[in-house]
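What follows is each chain in one-letter form.
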Amino acid sequence: TFVEVEDASRANTVSYTHLTLPPRLTPSSDGIKRKELSRSDEGVRPCELMIELKDIKQVYFIGIGGIGMSAIARFFNEKGVKVSGYDKTVTPLTSQLEAEGIEVHYKEEVDRIPKDVQLVVYTPAIPKEHKEYQYYLQNGYNVVKRSDVLQIITQSSLNICVAGTHGKTTIS
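A. Representation of the overall build of the chain. Scanning the chain from terminus to terminus reveals six helices and nine strands. Split into buried and exposed, the 172 residues of the chain put 33% on the buried side. When contacts within the chain are restricted to residue pairs at least 6 apart in sequence, long-range pairs at least 24 apart make up 50% of them. As displayed, the chain has an accessible area near 10900 Å², and 52% of this comes from carbon and sulfur atoms.

B. Layout of the pattern of salt bridges. One pass over the full model with this rule turns up three salt bridges. Two residues, K54 and D55, come together in a salt bridge whose shortest N-O distance is 3.3 Å. Overall, K54 belongs to the exposed group, its relative accessible area being 59%. The partner of R74 in a salt bridge is E100, with the nearest N and O atoms 2.9 Å apart.

C. Focus on a nonpolar patch on the surface. Where nonpolar side chains cluster on the molecular surface, the patch consists of I160, V162 and I171 and spans about 350 Å² of accessible area. Note that V162 resides in the loop between α5 (146–154) and α6 (168–171). For V162, a relative accessible area of 41% translates into the label partly exposed.

D. Focus on the packing of helix α2 (residues 67–78) against helix α3 (residues 92–99). Axis separation between α2 and α3 bottoms out at 10 Å; the angle between their running directions is 10 degrees. What the angle tells us is that α2 and α3 run roughly parallel. Side by side, α2 and α3 meet where I67, S70 and R74 of the first sit next to L93, Q96 and L97 of the second. A per-class count over the contact of α2 with α3 returns three nonpolar, two polar and one charged.

E. The pairing of strand β5 (residues 58–62), seen in detail. Within β5, five of the five residues are buried, leaving the element largely enclosed by the surrounding structure. Here β5 shows a buried face lined by Q58, Y60 and I62 and a second buried face lined by V59 and F61. Relative to strand β6 (residues 82–86), β5 runs parallel, the two sharing five bridges. Of the residues in β6, the one forming a bridge with F61 is G85. A crossover connection joins β5 to the parallel β6 through α2; in handedness this β-α-β unit is right-handed. Summarising the sheet, β5 and strand β8 (residues 119–122) pair through four bridges and their orientation is parallel.

F. Looking closely at α5. The set of residues buried in α5 consists of D148, V149, I152 and I153. Here the buried residues of α5 occupy an arc of 155 degrees about the axis, which is enough to place them on one side. Contacts from the buried residues of α5 go to α2, β8 and β9 (143–145).

G. Molecular detail of the nonpolar core. Counting 21 residues, the largest nonpolar core has I56, V59, F61, F76, V83 and L119 as the members making the most contacts within it. Of all elements in the fold, only β5, α2, β8 and α5 reach the threshold of two or more residues within this core. Among the elements that line this core, the one with the most residues is α2, at four residues. Leave out the neighbours within four places in its chain, and I56 touches I51, F76, V81, Q118, L119 and I152.

H. Spatial organisation of the packing of aromatic side chains. What the rule picks out here adds up to seven aromatic pairs. When the centroid spacing of 5.7 Å and the interplanar angle of 75 degrees are considered together, the rings of Y135 and Y136 count as edge-to-face. For Y135, a relative accessible area of 21% puts it in the partly exposed group. Each member of the aromatic cluster is reached from another via a ring pair, and the members are Y60, Y135, Y136 and Y141.

How each quantity is defined
Residues numbered from 1 in each chain as written. Predicted model: local features only at pLDDT ≥ 70, side-chain atom pairs only at ≥ 80, totals over all residues. Heavy atoms only, no water. Helix = DSSP H or I, 4+ residues; strand = E, 2+ residues; numbered from the N terminus. Buried < 20%, exposed > 50% of the residue type's maximum accessible area, 1.4 Å probe, protein only. Contact = heavy atoms within 4.5 Å. Areas by Shrake-Rupley, 256 points an atom, 1.4 Å probe, with all protein chains shown as cover. Salt bridge = Lys/Arg side-chain N within 4 Å of Asp/Glu carboxyl O. Patch = residues over 30% accessible without salt bridge, like charges linked within 9 Å, V, L, I, M, F, W, Y side chains within 5 Å. Axes fitted to C-alpha atoms, helices over the stretch in contact; angles between N-to-C directions. Parallel < 35°, antiparallel > 145°, perpendicular 65-115°, else oblique. Nonpolar A, V, L, I, M, F, W, Y, C, P; charged D, E, K, R; others polar. Pairing = 2+ DSSP bridges. Right-handed = clockwise from strand over helix to strand, strands pointing away. Arc of directions from axis to C-beta. Core = buried A, V, L, I, M, F, W, Y, C linked by side-chain atoms within 4.5 Å. Phe/Tyr/Trp six-rings, centres within 6.5 Å; stacked < 30°, edge-to-face > 60°.

Note that all results are geometric; they support no functional claim without further evidence.
Here is the structure:
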């Protein structure tokens, strides 16, 4: 699918390409499609994950206290999804999440994590040996990185993204 955007200030047309890949294949930086990692390696990649935003009723965040993770947690919370998570320490961000009705705990305790989640989001800042992360991986849950959740959020909507070194604020 091609989307053409006209740049009136330069009187030309810029084309963008949206590429949808079959499950278990993804582009790499060199353009070669490679098989995805298995669940035991890194969780499930979004192109392998066949879940739509509308089907997510409960989501769990491992490392919910970062600026990116807390923003995504708020997004889901505002959409009426049940949100909970773990973080290592209490911070102003985690306190605000709790004030907004999001349950946050601060110790690695598998007994405290929800078992009926459709999606588990983790930050690469957590160690691979993290008990909760390992539980979800070993028990077949949909486990994705924070950055990959953005694909799930945006795949069912029209998105206009502004990127680059200069002029983003001016254009926005």
